[in-house]
Amino acid sequence: EAQVTQNPRYLITVTGKKLTVTCSQNMNHEYMSWYRQDPGLGLRQIYYSMNVEVTDKGDVPEGYKVSRKEKRNFPLILESPSPNQTSLYFCASSLYAAFNEQFFGPGTRLTVL
Amino acid sequence: SQQGEEDPQALSIQEGENATMNCSYKTSINNLQWYRQNSGRGLVHLILIRSNEREKHSGRLRVTLDTSKKSSSLLITASRAADTASYFCATGGSGGSNYKLTFGKGTLLTVNP
């Protein structure tokens, strides 16, 4: 089944404790991206990747890192999480770019205390 | 600031009625996409309309695009309780980038049985 998976689905952590949210897709998509969703603000793009080893900042990249060492994986790294990064995070992938249909993962609900 | 803005923010209708949601955007685009999100879950792609198209249909969905007014509408005909969800427009290729997808804040549609 074609899908985007994220892990963990739920995470409660404390300020400053490094964490990684994994994202994997099995559709051989070149384009992957991360979004955060906050009440009243909609979805905002954090980072995106056009292909292996090629990444760029979205609209809200501060406090996040990404890497794309393999085509199927695009982890999101929070080196020193803060409470303002409490949010619902979504990973998405598409064939080539933003103008293709995006396939979304199920989301990761992160709480930073 | 957000590229796409949906209107209204919330819409409540009876089953069987039609629902219309609007999206306005600010800069030139390659395409405009509509997504549905059931409460707290991942987004699901509904329909994509390219900048050189004016209207597109998919089942009970009808999307229009007016690039002169920088606006789009999503019409759901003969609505069902299962259509209850948040609906987002997303603009691709905004600001000359093919790799950024910008979402609006969404319209929450409630279809009452």
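The structure presented is a predicted model; accordingly, all values stated were derived computationally and were not measured. Along every chain, residues carry numbers that run from 1 in the direction the sequence is written. Chains and ligands are labelled by the order in which they are written, letters from A for the one and numbers from 1 for the other. Where totals are concerned, whole chains, interfaces and linings use all residues; where local detail is concerned, this predicted model gives features only for residues with pLDDT of at least 70, and gives and counts side-chain atom pairs only at 80 or more. Hydrogens and waters are ignored; side-chain quantities use all the structure's heavy atoms.

Overview of the environment of Glu53(A)
All names here are of chain A.
Logical step 1: Helical segments are the DSSP runs of H or I of at least four residues, strand segments are the runs of E of at least two, and each set is numbered from the N terminus. Inspection of the secondary structure assignment puts Glu53 in the loop between strand S5 (42–51) and strand S6 (54–57).
Logical step 2: A 1.4 Å probe rolled over the protein chains alone gives each residue an accessible area, and that area as a share of the maximum for its type sets the label: buried under 20%, exposed over 50%, partly exposed in between. A residue is classified by how much of its surface remains accessible, and Glu53, at 59% relative accessible area, is exposed.
Logical step 3: Residues Glu53 and Asn73, 20 residues apart in the sequence, show an inter-C-alpha distance of 11 Å.
Logical step 4: Excluding residues that lie within four positions of it along the chain, Glu53 makes contacts with Arg68 and Lys69. Every residue pair with non-hydrogen atoms within 4.5 Å of one another is taken to be in contact.

Let's talk about the pattern of salt bridges
Residues and elements named next belong to chain A.
Logical step 1: The salt bridge definition used is simple: a Lys or Arg side-chain nitrogen within 4 Å of an Asp or Glu carboxyl oxygen. Tallied over the full model, the rule gives seven salt bridges over all chains.
Logical step 2: The shortest N-O distance in the salt bridge between Arg44 and Asp38 comes to 2.8 Å. With respect to burial, Arg44 and Asp38 carry one shared label: buried.
Logical step 3: Of the charged contacts, one joins Lys65 and Glu79 as a salt bridge, the two residues approaching to 3.0 Å between their closest N and O atoms. Of this pair, Lys65 sits in strand S7 (residues 65–66) while Glu79 sits in the loop between strand S8 (76–78) and strand S9 (87–94); the two residues are 14 residues apart in sequence, bridging distant segments of the chain.
Logical step 4: With relative accessibility at 43%, the residue Lys65 sits in the partly exposed group.
Logical step 5: Shared partners join several salt bridges into a network, and the residues in it are Arg36, Asp38 and Arg44.

Some remarks on the interface of chain B and chain A
Logical step 1: Contact with chain B, which involves 24 residues of that partner, is made by 26 residues of chain A.
Logical step 2: When chain B packs against chain A, the two sides together hide about 1800 Å² of surface, and 57% of this comes from carbon and sulfur.
Logical step 3: Taken together, chain B and chain A are joined by one salt bridge.
Logical step 4: When the shortest N-O distance is used, the salt bridge between Asp59(A) and Lys100(B) registers 2.7 Å.
Logical step 5: Pairs of N or O atoms are called polar contacts if they sit within 3.5 Å, as long as, within protein, a hydrogen donor faces a hydrogen acceptor (for residues adjacent in sequence, only side-chain-to-side-chain pairs). In this structure, the connection of chain B to chain A is made through four residue pairs in polar contact (both at pLDDT 80 or more).
Logical step 6: Mapped onto the side of chain B that touches chain A, the elements with two or more residues apiece are strand S4 (31–37), strand S5 (43–50), strand S9 (85–92) and strand S10 (101–103) of chain B.
Logical step 7: Grouping the amino acids of the side of chain B that touches chain A by side-chain chemistry returns seven nonpolar, 13 polar and four charged. A quick way to say it: buried area is the sum, across both parts, of accessible area lost when two parts are put together, with a 1.4 Å probe. Basically, the charged four are Asp, Glu, Lys and Arg, the nonpolar ten are Ala, Val, Leu, Ile, Met, Phe, Trp, Tyr, Cys and Pro, and anything else, Gly included, counts as polar.

Without other data, these values stay purely geometric and don't point to any function.
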